[in-house]
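Chains, contacts and geometry: an overview
Here is what each chain is made of, one letter per residue.
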Amino acid sequence: MQNKGKYYITTAIAYTSGKPHIGNCYEIILADAIARYKKADGFDVHFQTGSDEHGQKIETRAIEEGMTPKEFVDKTAGIIKELWNMMGTDYDRFIRTTDEDHERQIQKMFKKFYDQGDIYKGAYEGQYCTECEAFYTQAQLSEGKCPVCGGAVHEEKEEAYFFKMSKYADRLIEHINTHPEFIQPVSRKNEMMNNFLLPGLQDLCVSRTSFKWGIPVDFDDKHVVYVWLDALSNYITGIGYDVDGNSSDQYKKYWPADLHLIGKDIIRFHTIYWPIFLMALGEPLPKQVFGHPWLLQGGEKMSKSKGNVLYVDDLINIFSLDAVRYFVLHEMPYENDGTITWELMTERVNSDLANTLGNLVNRTVAMTNKYFGGTAENKGVASDEVKEAGKTGQMLSEKQIDEDLRAVASSTYEKVEEKMDELRVADALTEIFVLFKRLNKYIDETEPWVLAKDESKKDRLATVLYHLCEGIMMGASLLQPFMPTTANKIADQLGCKLYDFDSLGSFGQYPQGAKVTETPEILFARLDKDEILAKASEVEKAQREEFIEHQKTAYTNLVKAGRMSQEEADKALKALLGNAGGTGKVIDIEPKEEITFDDFGKLQFRVGHIIACEEVPKSKKLLCSKVQVGSKTLQIVSGIKSSYKPEDMVGKQVMVLENLKPAKLAGVLSEGMLLCAEDEEGNLSLVTPDKDMPAGALIC
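These lines cover the structure that appears in this document, whether it is placed above or below. (Residues numbered from 1 in each chain as written. Predicted model: local features only at pLDDT ≥ 70, side-chain atom pairs only at ≥ 80, totals over all residues. Heavy atoms only, no water.)

Now for the pairing of strand β13 (residues 289–292). Regular strands place side chains that alternate from one sheet face to the opposite one. Of the two faces of β13, the one holding V289 and G291 and the one holding F290 and H292 are both buried throughout. Bridge count for strand β8 (residues 183–184) against β13 is two bridges, and the pairing is parallel. Across the sheet, Q184 pairs through a bridge with F290, a residue of β13. Relative to β13, strand β12 (residues 259–263) runs parallel, the two being bridged by four bridges. Each bridged residue has a counterpart across the sheet, and for L261 the counterpart in β13 is F290. The β-α-β motif built from β12, the intervening helix α10 (residues 267–281) and the parallel element β13 has right-handed crossover chirality. (Buried < 20%, exposed > 50% of the residue type's maximum accessible area, 1.4 Å probe, protein only. Helix = DSSP H or I, 4+ residues; strand = E, 2+ residues; numbered from the N terminus. Pairing = 2+ DSSP bridges. Right-handed = clockwise from strand over helix to strand, strands pointing away.)

Below is the structure:
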């Protein structure tokens, strides 16, 4: 295998505030696939991940659990490592920001910045989001809430040390302009330049005094190092960086990082603050920062309070590890958010994994056993005679069919390599499955079962089966970084080892006389959607009950610690129970007079899909939605602005009263009504079908 040099890849370190959901886990699966691919492609790979363990939120979570902060992060870091291992990730170091070597370097780093005049003491006053551990100006808030997580903020003022960001801003702008590959995708670069760098950087708060769970500033014990300076520096401390110049050989070998893989929500910290810290240290900048999109559950961000969280261990138990890896890698676009649902996963397993891949391998092994006692051998027999290729309707010779298959198989590595160099992982996977689909077509073209009936065609049949075995092995070898268990199972069934990448440009490596397994294993069984949804319902119910019990304990512990009054805890619990599966909260209203079925029959309710939404000008309550109902689009004005943002509405399935007489609201024509539920505090919730339904489905 050719040595292509070093490749250092990192993930953002997971915050130890709780168990990561599949949206959080996507990043580690993506990083693992990239790292495995680079290793198979001849690179000397170092893959680092870890956990971020300091901050006010951790301190609060520990109180909720009735633990010390260290006990809490030890427990949570253990859960994260267990999940990472469950997903088959092959990392080289799992760094914790409570590791002694990391903490020591952070203290030295802080002192260095202070001594060289990059850090000064001041006071911070602004809107603070505890969930994101970030300060925001009033102008940065979104409708009075955190612009990142949408949570509540509060006014906070405290003494703090600040880093002079503006000192390095021009240098960073120049670096970004002269290194267009530094921030990817390009839309993320434009966002950072236009929203933060070009308008002028504010100095960054790098210490806190309002809590104690952090790395102490050793020359000012009232302060702890703020989480972002602490967390970001793991990328160099984890490979042996030393502030005093005594860095390890490992650091000298692997830094600068080739790729920081992070979520798009923390792109600012990694492409502005982190490069500036490195400039102040006199160290090279990473070669590339890639801000990947989010994996959404049915179009929404996952949230325990919403009850729409999917956990990787539940998904693995139902679908298998490699099915989960395949789905999240294949379904995530390069730049836009992806969607995961139980239904989508079931559909993808059945179509791609069971039909395209599993059936291909199973048929090939079974036919090799049936016709040749399990032995595959290339007889090199292919006729020049042009005739109909199976029942495909194409007029081709056997030589043309074989040559086309060999051309597709031999060019797949080059196509995958091109996509992986651009970090278009989903597209790379698609190219591999193009090969598997071509192999399925090859079976249709050659019809081995027909050849088997004619003894004079035996050598042609052997040639066909050899081509299938070879093509499958080439595809399986490329599949290994993405679905390692499946790739190795395929190789075992075909009695061969996976191929080196540098040999994938030529066809014909499969050993003559190789023996396939006598008892082929079904790689992926077809799934029944109703059975999967029943299991999903059980999982969601258990999660909801566990979440409620956890929050009850948390509120009790917060009251004991003086962080919350009993009245606040009771109110929070009441709100929680009102949102958790409809339990614990009842609203009685004055009933209206009874109606007949004929009265009800006059109302036409249908499922609508919201395709666009905007605020109604000069209205504090109204949103105007474009709703697809069947083949037509209705314009519906609704008084739901207090509960929904226009961007949150797009993509939702809703229940529509279709035949309501059109009327103008605030001067805007409304052609129907969206059904909503309202609680006693005036909070609104759209009534939606609990399964995906086509636009226009009748509600009866």
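Now that the structure has been shown, the text picks up again.
A few words on the packing of aromatic side chains. Within this structure, the stated rule accounts for 29 aromatic pairs. Plain terms: the ring middles of F113 and F277 are 6.1 Å apart, the flat faces sit at 25° to each other, and that makes the pair stacked. Linking F113 in helix α4 (residues 100–115) with F277 in helix α10, this pair joins segments that are 164 residues apart in sequence. Each member of the pair, F113 as well as F277, is classed as buried. Plain terms: the ring middles of W255 and W274 are 6.3 Å apart, the flat faces sit at 75° to each other, and that makes the pair edge-to-face. Residue W255 is located in the loop between α9 (249–254) and β12, and its partner W274 is located in helix α10; the two are separated by 19 residues in the primary sequence. We classify W274 as buried; its relative accessible area is 0%. Lying over the aromatic face of W294, K301 brings its terminal NZ or CZ to 4.1 Å of the ring centre. (Phe/Tyr/Trp six-rings, centres within 6.5 Å; stacked < 30°, edge-to-face > 60°. Lys NZ or Arg CZ within 6 Å of the ring centre and 35° of its normal.)

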